[in-house]
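# Residue-level structure breakdown
Spelled out, the chains give:
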Amino acid sequence: MSTTSGTPTSSTPATRPLHVAVLLGSTREGRFGGVVADWITRRLAEHAEFTADLIDLEETPLPTVFPVLGQAPSSPEARELLAAVKPRMAAADAFVLVTPEYNHSFPAVLKNAIDWHNQEWHAKPVSFVSYGGFSAGLRAVEQLRLVLAELHAVTIRDSVGFQGIWAQFDAEGAPQDPAAEVAAKKMLDQLAWWGHALRDAKSVRPYSA
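As the structure is a computational prediction, the values presented were derived from the model and not from experiment. (Residues numbered from 1 in each chain as written. Predicted model: local features only at pLDDT ≥ 70, side-chain atom pairs only at ≥ 80, totals over all residues. Heavy atoms only, no water.)

## Observations regarding the side chain of Asp-158
Assignment of secondary structure puts Asp-158 in the loop between strand S5 (154-155) and strand S6 (160-163). One polar contact links Asp-158 to Arg-157, side chain to side chain, over a distance of 2.9 Å. Each residue touching Asp-158, except ones within four places of it in the same chain, is listed here: Lys-186, Met-187 and Gln-190. (Helix = DSSP H or I, 4+ residues; strand = E, 2+ residues; numbered from the N terminus. Polar contact = N/O pair within 3.5 Å; in protein donor to acceptor, adjacent residues only side chain to side chain. Contact = heavy atoms within 4.5 Å.)

Written out as structure tokens, the structure reads:
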């Protein structure tokens with residue numbers, strides 16, 4: 001899967017587009033998440049306020065064994081895996097998490113990616129695009145809000161959810177229901193507001209966690 005990326009420019013924080021990391025939180029064989037992540041990444045790239053970077057946790061896996069609390073990973077392999085993701089998370093002004101729902105919650109691989117990072121989440125806004133069967137992944141989103149609050153992130157109230165995901169996109173990767181595009185625009189407009197507000201505030205006064 002390709003990554004759409006935009007590197008923040010040297011312009012001032014007030015005028016520079018917000019750099020958004022899209023975190024694809026599914027590594028299941030035959031997953032549908034790639035279609036969903038590609039779609040929302042395109043919406044971000046087309047939005048005047050954003051540049052986007054798609055972080056696919058299948059292409060850039062993270063270690064699953066954590067070091068002693070407060071210490072760096074001891075193995076070179078773990079450090080290499082972390083180095084492929086951590087700078088991209090740090091560079092983000094905001095996040096969009098793309099998640100399915102597994103057993104009324106979100107996948108372990110997404111929790112692992114969240115737990116490997118701390119300051120990267122601080123005082124940054126997070127939006128959600130979820131999918132599943134009957135619930136549209138909303139129970140996964142509600143649990144993610146609790147986790148991210150502990151990491152000083154600000155979650156956006158409005159999200160986008162797809163019920164019965166397998167029938168929701170056409171062969172070109174576009175949603176069948178036009179309401180999805182409307183919901184995505186509303187969510188991304190809110191993400192832009194919070195992204196600018198938080199980034200501007202941090203440029204005046206560093207955030208203290």
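Right, picking up where we left off after that structure.
## Quick word on the packing of helix H1 (residues 33-46) against helix H6 (residues 178-204)
Across the interface, H1 lies against H6 with an axial gap of 11 Å and an inter-helix angle of 55°. Judged by the inter-axis angle, H1 sits oblique to H6. The hand of the H1/H6 crossing is right-handed. Counted together, Trp-39, Ile-40, Arg-43 and Leu-44 of H1 and Ala-180, Glu-181, Ala-184, Met-187 and Leu-188 of H6 form the full contact between these two elements. A per-class count over the contact of H1 with H6 returns seven nonpolar, no polar and two charged. (Axes fitted to C-alpha atoms, helices over the stretch in contact; angles between N-to-C directions. Parallel < 35°, antiparallel > 145°, perpendicular 65-115°, else oblique. Left-handed = near helix turned anticlockwise from the far one by under 90°. Nonpolar A, V, L, I, M, F, W, Y, C, P; charged D, E, K, R; others polar.)

## Observations concerning the pattern of salt bridges
Enumeration according to the criterion identifies 14 salt bridges in this entry. Close ionic contact of Arg-43 with Glu-181 constitutes a salt bridge, the shortest N to O distance being 3.5 Å. Of the two residues, Arg-43 sits in helix H1 while Glu-181 sits in helix H6, which places them 138 residues apart along the sequence. Here Arg-43 falls in the buried class, since its relative accessible area comes to 18%. According to the relative accessible area criterion, Glu-181 is partly exposed, its value standing at 29%. (Salt bridge = Lys/Arg side-chain N within 4 Å of Asp/Glu carboxyl O. Buried < 20%, exposed > 50% of the residue type's maximum accessible area, 1.4 Å probe, protein only.)

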